[in-house]
Amino acid sequence: QLHAVKNSHLPYLHSSESKPIELFAYTVASAIVGVTGFHNHIGMVSEYLKDPSFMAAKIRAGETYADVQSSFQCMNIAMLTGFKAPMLMGDYSHMLEGIEKEEEAKQVFAAFQEDLKGFVTEVESRNKRRKFPCNAFNPEGILTSVSI
């Protein structure tokens, strides 16, 4: 069953045309999107966890609300991941000081930040044409980590 999930959700891993570095880059990019933009889009659920009759992480047969254990587990996850993380856009070049290939790493990071700025411009441009603007994937409002 695990192979079926992997095959359906990660089809790029089975492409004979992809080079290992491309697969690595795609995997890292997917992880970045998952813990930043996508989580920002769907992950803000802490306000819904306060009422165990409204939202539960575990569905139990014959129950209409979360039990005490499930409620506490959800609230603990929200509490432990709810700390404010640094924003995705920012100057973190000081974290690259002293590493091997420091200058190359700083150049890659600077290029990444420039790409994010370009994406901000694209999101803002699209939002001008939208009836309901969407900033869930706007890098200016995304944290570097998961928080609920």
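Rules used in this analysis
- Residues numbered from 1 in each chain as written.
- Predicted model: local features only at pLDDT ≥ 70, side-chain atom pairs only at ≥ 80, totals over all residues.
- Heavy atoms only, no water.
- Helix = DSSP H or I, 4+ residues; strand = E, 2+ residues; numbered from the N terminus.
- Polar contact = N/O pair within 3.5 Å; in protein donor to acceptor, adjacent residues only side chain to side chain.
- Expected span 1.5 Å × (residues − 1).
- Bend = angle between axes of the 7 residues up to and from the residue.
- Buried < 20%, exposed > 50% of the residue type's maximum accessible area, 1.4 Å probe, protein only.
- Patch = residues over 30% accessible without salt bridge, like charges linked within 9 Å, V, L, I, M, F, W, Y side chains within 5 Å.
- Areas by Shrake-Rupley, 256 points an atom, 1.4 Å probe, with all protein chains shown as cover.
- Salt bridge = Lys/Arg side-chain N within 4 Å of Asp/Glu carboxyl O.

S.K.: If you had to explain the environment of Asp 51 to someone new, which residues and values would you point to?
M.R.: Along the polypeptide, Asp 51 turns up in the loop between helix 3 (46–49) and helix 4 (68–81). With 15 residues separating them along the chain, Asp 51 and Ala 66 place their C-alpha atoms 8.8 Å apart. Side-chain polar atoms of Asp 51 contact the side chain of Ser 53, separated by 2.7 Å.

S.K.: Go over helix 2 (residues 20–42), please, and point to the residues and values.
M.R.: A rise of 1.5 Å per residue sets the reference length of helix 2, with its 23 residues, at 33 Å; its end C-alpha atoms lie 31 Å apart and thus fit the reference within 8%. At Gly 34, helix 2 shows its maximal kink, close to 40 degrees. Within helix 2, burial applies to Leu 23, Thr 36, Gly 37, His 39 and Asn 40.

S.K.: Help me get a handle on a nonpolar patch on the surface, residues and values and all.
M.R.: Taken together, the side chains of Ile 21, Phe 24, Val 28, Ile 32 and Phe 112 make up a nonpolar region of the molecular surface, amounting to roughly 450 Å² of accessible area. Residue contributions to the nonpolar patch peak at four residues, all from helix 2. Topologically, Ile 32 is positioned in helix 2.

S.K.: A description of the pattern of salt bridges should follow, citing residues and the corresponding values.
M.R.: Tallied over the entire structure, the rule returns five salt bridges. Between Glu 97 and Lys 106 there is a salt bridge, with its nearest N and O atoms 3.9 Å apart. Judged by its relative accessible area of 51%, Glu 97 is exposed. Salt-bridge contacts for Glu 122 lead to Arg 126; the nearest nitrogen and oxygen are separated by 2.7 Å. Of this pair, Glu 122 and Arg 126 are both found in helix 5 (residues 102–129), four residues apart, which corresponds to roughly one turn of the helix. On the basis of relative accessible area, Glu 122 is assigned to the partly exposed category, the value being 34%. Judged by relative accessible area, which is 39%, Arg 126 ranks as partly exposed. Linked by salt bridges that have partners in common, Glu 97, Glu 102 and Lys 106 make up one network.

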